[in-house]
Amino acid sequence: MRFVWDLFLGRLLLHVFKIIIVLCYAFVNSTGRPKQLARFLRYMHGRTFGIVFQSFFKQKQIESLMKFNFKIVQILFFFVFAFSVNAQAQQKNWELKSDKEGVKLYLHETPSLYEVKLVTSIKTKMSGLLHLFNEVERYPQWGYKVMESRLIERISDTEMIYYSRFDFPWPMSDRDVIMHSTLTQDPVTKVVTTVSKAEPWHVPRKKDVVRITEASTSWKLYPNDSGWLYVEYYIYSDPGGNLPDWLVNLAVDVGPLETVKAIRKILNEPEYQRVKLAHIID
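Residues numbered from 1 in each chain as written. Predicted model: local features only at pLDDT ≥ 70, side-chain atom pairs only at ≥ 80, totals over all residues. Heavy atoms only, no water.

**Student:** How should I be thinking about helix α6 (residues 255-267) in this particular structure?
**Tutor:** Two residues of an α-helix separated by three or four positions point the same way, owing to the 3.6 residues in each turn. The terminal C-alpha atoms of α6 lie 18 Å apart, and with 13 residues this matches the ideal 18 Å at 1.5 Å per residue to within 8%. Along α6, the positions that sit buried rather than exposed are Gly255, Pro256, Leu257, Thr259, Val260, Ala262, Ile263, Ile266 and Leu267. (Helix = DSSP H or I, 4+ residues; strand = E, 2+ residues; numbered from the N terminus. Expected span 1.5 Å × (residues − 1). Buried < 20%, exposed > 50% of the residue type's maximum accessible area, 1.4 Å probe, protein only.)

What follows is the structure in structure tokens.
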């Protein structure tokens, strides 16, 4: 009877441990922590479950396994706490790069990633802008240097997976990316948040095109009674390879402003002025 009870506790603890692993993966993915931590977590995950299968019917080893897992859980809680505190302490120093035509652009440089934050206001209904975001095939009409875009899967009204290809000047190779996008709206404040993260495995890679594997974007849309939306846009990406400074400066200085101008122009069309999305509170 003692053996069965210990086995039950051991398996219960492993389920708890697996949940902690998933949370740690989510934390690493959302904060951009070093890949070394992710590799550490994968190692601990495989190591622990390997021991489980080896000691499934051995009571003494199960007892030692329980002690081992309690230690691992303590270590993981320490890692999550330490990195959470570190993330809060290391607030990004955003540098105001430009302020033109009602568009403020901020830049945060890191050794391998480019992080950009855009702040502006757009005169439109919430449904109008989100309707434009839903039209994936129309992205090349307003997205800077987007030469191709197509829907891979529409999971729901608030979730989809899409593909985009970006035109890079010769002699550099074009880039492409596959993004998984989700949308949420606060029913009280009516603030809408869309978050997109790179999922490079959905479509086979193309020859002579560099696949972007690390990228994340978010739109935060704040409505008000005057018919304007206050917009915050954030993107970080590792475009792969070493890019010349002139190309980075061009993308940062020109790209966001041209994108916003194109969005504003399209939203003046009657279709976007009249549209009402059933799942959105305007």
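Alright, that's what it looks like, and here's the rest.
**Student:** So what exactly am I meant to see when it comes to the pairing of strand β2 (residues 103-109) here?
**Tutor:** Counting buried positions along β2 yields five of seven residues, so the element is predominantly enclosed. Where strand β1 (residues 95-100) meets β2, five bridges bridge the pair, whose relative direction is antiparallel. The residue bridging Glu95 from the neighbouring strand is Leu107, located in β2. Hairpin geometry of β1 and β2 is characterised by an intervening segment of two residues between the two adjacent antiparallel strands and by a positive phi of about 50 degrees at Glu101. (Pairing = 2+ DSSP bridges.)

**Student:** Help me out: how do you make sense of unusual backbone geometry in this one?
**Tutor:** Most peptide bonds take the trans configuration, and most residues that are not glycine carry a negative phi. For the bond from Trp170 to Pro171, the omega torsion is 15 degrees, close enough to zero to count as cis. Relative to the helices and strands, Pro171 is located in the loop between β5 (159-166) and β6 (174-185). For Glu101, which is not a glycine, the phi torsion comes out positive at approximately 50 degrees. Within the element layout of this structure, Glu101 appears in the loop between β1 and β2.

**Student:** Sorry, what's going on with the packing of aromatic side chains here?
**Tutor:** Given two aromatic rings, their pairing is described by the distance between the two centres and the angle made by the two planes. According to the stated counting rule, one finds eight aromatic pairs in the structure shown. Residues Tyr139 and Tyr162 carry aromatic rings whose centres are separated by 5.4 Å and whose planes lie at 90 degrees to one another, so their mutual orientation is edge-to-face. Of this pair, Tyr139 sits in the loop between α4 (126-134) and β4 (146-156) while Tyr162 sits in strand β5, and the two are 23 residues apart along the sequence. You'll find Tyr139 and Tyr162 in the same group, each marked buried. (Phe/Tyr/Trp six-rings, centres within 6.5 Å; stacked < 30°, edge-to-face > 60°.)

**Student:** I keep staring at α4 and nothing clicks. Help me out?
**Tutor:** When you tally the buried positions in α4, you get eight out of nine residues, the bulk of the element. Listed as buried for α4 are Met126, Ser127, Gly128, Leu129, Leu130, His131, Leu132 and Phe133.

**Student:** So what exactly am I meant to see when it comes to the environment of Met160 here?
**Tutor:** With respect to the helices and strands, the residue Met160 is situated in strand β5. Look at Met160 and you get buried, because its relative accessible area is 6%. Those residues in contact with Met160 that sit more than four places away from it in its chain are Phe133, Val136, Tyr139, Leu151, Glu153, Arg154, Ile155, Met179, His180 and Ser181. (Contact = heavy atoms within 4.5 Å.)

**Student:** I tried to follow the pattern of salt bridges on my own but got confused; where do I start?
**Tutor:** Opposite charge on two side chains allows them to pair when their charged atoms are near. Counted according to the given criterion, the structure contains seven salt bridges. Across the pair Glu269 and Arg138 runs a salt bridge, and its minimum N-O distance is 2.9 Å. Placement of the pair is Glu269 in the loop between α6 and α7 (270-274) and Arg138 in the loop between α4 and β4, with a sequence separation of 131 residues. Accessibility expressed as a relative area gives 29% for Glu269, which makes it partly exposed. Between Asp174 and Arg165 there is a salt bridge, and its shortest N-O distance comes to 3.0 Å. Asp174 gets classed as buried once you look at its relative accessible area, which sits at 11%. Each of Glu148, Arg150 and Lys206 takes part in one network of salt bridges that share partners. (Salt bridge = Lys/Arg side-chain N within 4 Å of Asp/Glu carboxyl O.)

**Student:** Honestly, the confidence of the model for the protein in this entry has me stumped. Any pointers?
**Tutor:** When pLDDT drops low, the exact placement of atoms in the prediction is not to be read closely. Scored by pLDDT, the protein comes out at a mean of 76, with 61% of its residues at no less than 70. In this model residues 30-60 is a low-confidence stretch, pLDDT under 50, and it forms 52 contacts with partners more than four residues away in sequence or in other chains. The low-confidence segment residues 65-90 (pLDDT under 50) makes 36 contacts with residues lying over four places distant or belonging to another chain. (pLDDT = per-residue confidence, 0-100.)

**Student:** Sorry, what's going on with the packing of α4 against α6 here?
**Tutor:** Each pair of packed helices can be summarised by the angle the axes make with each other and by the distance between the axes. Interhelical geometry of α4 versus α6 gives an angle of 115 degrees and a closest axis separation of 11 Å. Taken together, the axis directions place α4 and α6 in an arrangement best described as roughly perpendicular. Of the two elements, α4 crosses α6, and the hand of that crossing is right-handed. Side by side, α4 and α6 meet where Gly128, Leu129 and Leu132 of the first sit next to Ile263, Ile266 and Leu267 of the second. Partitioned by chemical class, the residues of the contact of α4 with α6 number five nonpolar, one polar and no charged. (Axes fitted to C-alpha atoms, helices over the stretch in contact; angles between N-to-C directions. Parallel < 35°, antiparallel > 145°, perpendicular 65-115°, else oblique. Left-handed = near helix turned anticlockwise from the far one by under 90°. Nonpolar A, V, L, I, M, F, W, Y, C, P; charged D, E, K, R; others polar.)

**Student:** How do you make sense of the side chain of Ser98 when you look at a structure like this?
**Tutor:** Assignment of secondary structure puts Ser98 in strand β1. Beyond its immediate sequence surroundings of up to four residues, Ser98 is in contact with Val103, Lys104 and Leu105.

**Student:** Please explain the side chain of Ser181 as it appears in this structure.
**Tutor:** Note on placement: Ser181 falls in strand β6. Taking the relative accessible area as the measure of exposure, Ser181 reaches 11% and is therefore buried. Here the side chain of Ser181 touches Ser196 through a polar contact of 3.2 Å, side chain to side chain. Filtering out sequence-adjacent residues up to four positions away, Ser181 remains in contact with Thr158, Glu159, Met160, Tyr162, Val195 and Ser196. (Polar contact = N/O pair within 3.5 Å; in protein donor to acceptor, adjacent residues only side chain to side chain.)

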